[in-house]
Structures are given as C-alpha cells and as structure tokens.
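Topology and contacts: notes
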Amino acid sequence: MQFTIAQTERASDSLGAPYVVYGIHLEGYLFCKLRYSQLHRWNEKLRRYFGSSLVPRFPPKSYLAQTESMAEERRLQLQQYLQKVGEDPVISVSEIFTTLLKNAQQETFKVRAQAILLEILLADGKRLQIDTHTSHSANRVLEIAAQKVELSRQFLEHFALYLVCELSNGGYSVLKKLNAFELPYVSLWSLQDENCRIMIRKSYLDPLEDKMLMESSGGITLLYSQATHELERGWTSPTPEQYQQLKAFQDAEMKIEFLESAEKVKFYGYIMFEACTCDYPEPDSSAVVRVGNDEINCCIQLSSNHIKEVSFKVDRIRCWKISLQVQDETELKPELSFEYQDSRGLWQWITIYTHQAFLLSRCIQEIVIEKLKISEGYAEMQIENATSEFRSTPWNSLTALSKHSGVVLQKMLLKK
C-alpha cells in the first residue's frame, strides 16, 4: 500500500481551538482526512491488538505551539508511519487494520450506510447492475459481480475492481486498482467525476494465466470483453492478417478461438497508459507507455518527429521510486523513475512523468511478484485477494526474494 500525506488543512473545533487535518492519499488518490488525535487513537488500537513491538513508532504529541517547520516535520513523520504500517506483512492484511481504514474512508466522505444498486462496467462497455451496499468492500462487490457473470469462485483472485475514466472517444483510462478493503462506492463518489466508473478487469499481467481461466464460462466472458475492447481501441497491435482472423472469430462469436489468437498479438494483455512524457532518450520526449509481459514498452516521439520504440525489461530494473510534487496545494504531480541496465551493461535512471505513476509502480511490482512465483515457486506469495497482494509489499522482503530474479527493489520516494 502506498500512503502519502500530500496536503494539510487548518481548522478549528467548536470552542475555536485550532487543529490540523491531514489529507491521506492511497496510491495517488485522496482516501481519507484525519486529525492527529484520530491517528493517535488509531495507533493505540493497533498497539493493543498487535503489541507495541510490532507497530512502528508513532510521532509523539507536542505540547508547544507548532511552528511551520515543526508542522512539516510532523506531516513527514505521520506519512512515514503510515507507509511502514501499510508495508507490514502482518498488520496490513489484518481485519482490524482494514476495518479501521474502511471506517476512516466512510467517515471522511460522510456517505450514509444504505443498500444501493451499483453499476459495474465490463471492459467492452457492457454494464452490470448489482445489489450491494455503500459499506461493502471491493472484495465483496467483486464477489457479487462475479456471480453475475458466472465466474467460478476459484478464479476470483485473477480479477479485481478498478477505477477508470471514460474518454470522449469511447475508450477509457485506468486510474487505479482498488485494494480489497476499499469501499468502491465511496471511492467513486469521492472523485466527484461523472466520467469515472468502476470496472472489473483481470488483475494479472502474465498472459499465460489466461489458459487457466478458459475453464470457466465467466472467465471466458471477462477475458473476451477485455480483449475485444483493447483490439478495437488500439491497445494491441495485430498484423493485418491477425486482425482479419480476429475479426472473423469475433463475427462468428467464437470466443475461445478469438482469445487463443489474441494471445499471439503484440501488446496483448498490456495496460495502456495515457500520453505522457519521459526523459529518454531526450528530455521532454512525448511517449505512449504500455506495461505487460515483463516489460515497460515506450513508443517515444523524438525531436526529429521519428518514433522510437523501446522495451525496458523488468528483470533489468534494479530499483524504482516515485517522487511526488504538490502544486496549488492540492494537485499532485507524480513521476516514476527506475534504474535500468542497458545492453552495454551500463546503469542509468529513466523518468516517466505521468499522473498514473502509482499505477505504473503497482504494475512493475506485480510483474516482479508474478516472475518470482513462476521462477522460484513461492507458493506463499499466491495472492488471495487485492488486500493480501500487498502482503509482499515490505521492501526488505521483496529485495531478498528478488535477488533470485535479478531485480532489486527500492522503497518509494514520496516527498513534497
């Protein structure tokens, strides 16, 4: 889990006493707002449940009037505390921790607890109407949606709910993958954007996992809806012959044959990011980024107007970091940098400037986890749901494991 405290607000209570409200972001999006006293009580609950030795040190109370520098130091300390708690492999998957987070999210946005009819998109634009509740977690909503498409429970872990933004051209942009404990209705409502939707998509980037899902009619339905849409929107790049074959299978509604052919198409199963810029091979280069199949693929427009396609293999990335700049007090400007070894054996830092930096980071992390599961047989890393996916988030654990795959991970650099 990637927590940041990118902003603070000053307020006063009913007696006029001033206090600070911390805007806590989860993977780049505002998740909740809490006072120091609320975070302190939250910490006390965790310490009572797990014991003081397991819970990271909480920033101490201050009985003096805080200067600007003291307030900034406390913000950074609280941010570090949340990062450490979210990275802990025991605390981060516990029911008490996720319940505290759900309550904080719901209380912040003051969403009344009630039954609702929630719309879930499939990737091809079809819509599911499901009976759920404002307090239902993403994990529970996913279970209900899976029943609608007849997806067997044994395959549920291969899919997740995502926040997406519908575009004017009929496509969509992926904003973030919801953690299992998040409240989808509240997350959607908090964005206050009529173009944002909740979508069910496959949660992995290794195309070989498709074969397992072919055993389920629901799995075929979801894979087919995603593959057809990505073909039509240009996320994949088939040859003319492949395109004709795929359209023939699509017209004949031969879904399995379509998917088997789609697996051979360039960029099948990749996530496509919105247009962005990067500093490779030239500063301020426009780029189209796709991530999947063990690589970050960039189609870069050079100053000469030529297009250069570059594939950065994840197993040649030594570490990566997110730098977060805050503009206009509330607007977040993230960027992702990674240290890469080129074909000559030289290391260099490459930076991609994109508002989807947190999603890009999560994709890299998931590729690493998938590679480790395959190459080393780490059965304990089998992801049971979107929350326990971050059971492996502690960077010291991942660094140790990744020595076997040539990848060394670095903790996120999140700064104001």
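For the structure itself, look to the data block above.
Residues numbered from 1 in each chain as written. Predicted model: local features only at pLDDT ≥ 70, side-chain atom pairs only at ≥ 80, totals over all residues. Heavy atoms only, no water.

1. Focus on the overall build of the protein chain
Convention followed: Comment: elements are numbered from the N terminus, with helices defined as DSSP H or I runs of at least four residues and strands as E runs of at least two. Calculation of accessible area relied on Shrake-Rupley with a 1.4 Å probe; when residues are assessed, cover is drawn exclusively from the protein chains displayed.
Of the regular secondary structure elements, the protein chain holds 11 helices and 16 strands. Accessible surface computed for the protein chain: about 19,200 Å², of which carbon and sulfur atoms make up 48%.

2. As for the packing of aromatic side chains
How two aromatic rings sit relative to each other is given by the distance of their centres and the angle of their planes. Inclusion rule: Two aromatic rings, drawn from Phe, Tyr or Trp (for Trp, its six-membered ring), form a pair once their centres lie within 6.5 Å of each other, and the interplanar angle then sorts them: stacked below 30 degrees, edge-to-face above 60, tilted otherwise. Exposure classes here rest on a 1.4 Å probe applied to the protein chains alone. A residue is buried below 20% of its type maximum, exposed above 50%, and partly exposed in between.
Inspection of every chain in the model, using the stated rule, returns 13 aromatic pairs. Ring centres of Phe 338 and Tyr 340 lie 6.2 Å apart, and the angle between their planes is 85°; on these two criteria the pair is classed as edge-to-face. Per residue, the accessibility class of Phe 338 equals that of Tyr 340, and both read buried. Ring pairing ties together the aromatic residues Tyr 280, Phe 312, Phe 338 and Tyr 340, which thus form one cluster.

3. Quick look at the pairing of strand 6 (residues 159-166)
Operational definition: For two strands to count as paired, DSSP must find a minimum of two bridges between them.
Strand 6 sits mainly inside the fold: 7 of its 8 residues count as buried. Sheet topology places strand 6 next to strand 8 (residues 196-202); 7 bridges connect them, and they run antiparallel. Following the sheet pairing, Leu 161 is matched in strand 8 by Ile 200. Summarising the sheet, strand 6 and strand 7 (residues 172-177) pair through 5 bridges and their orientation is antiparallel. By the bridge assignment for strand 7, Glu 166 is matched with Tyr 172. Linkage of strand 6 to strand 7, two consecutive antiparallel strands, is achieved through a turn of 5 residues, within which Gly 170 is found at a positive phi near 95°.

4. Overview of the environment of Lys 211
Note on placement: Lys 211 falls in helix 6 (residues 210-213). Each C-alpha atom, one on Lys 211 and one on Glu 260, is 8.8 Å from the other, the two residues being 49 residues apart in sequence.

5. Let's talk about the pattern of salt bridges
Here is the rule we go by: Every case where a carboxyl oxygen of Asp or Glu lies within 4 Å of a side-chain nitrogen of Lys or Arg is listed as a salt bridge.
Overall, the coordinates contain 21 salt bridges when judged by the stated rule. Note that Glu 9 is salt-bridged to Lys 33, the shortest N-O span being 2.7 Å. In this pair, Glu 9 sits in strand 1 (residues 3-12) while Lys 33 sits in strand 3 (residues 29-35), placing the two residues 24 residues apart along the sequence. For Lys 33, a relative accessible area of 30% gives the class partly exposed. Ionic pairing is found between Lys 126 and Asp 124, a salt bridge with its closest N-O pair at 3.0 Å. On the basis of relative accessible area, Asp 124 is assigned to the partly exposed category, the value being 26%. Through salt bridges with shared partners, a single ionic network connects Glu 27, Lys 177, Arg 362 and Glu 366.

6. Some words on unusual backbone geometry
Residue Pro 281 follows Tyr 280 across a cis peptide bond; omega there is -5°. With respect to the element layout, Pro 281 can be found in the loop between strand 10 (276-278) and strand 11 (285-292). Positive phi is not limited to glycine here, since Gln 192 has a value of about 50°. On the secondary structure map, Gln 192 appears in the loop between helix 5 (184-191) and strand 8. A positive phi angle is found at Asp 284, which is not glycine, with a value near 55°. Residue placement: Asp 284 occurs in the loop between strand 10 and strand 11. On the basis of relative accessibility, which here comes to 66%, the residue Asp 284 falls in the exposed class.

Read these as geometric descriptors, not functional statements.
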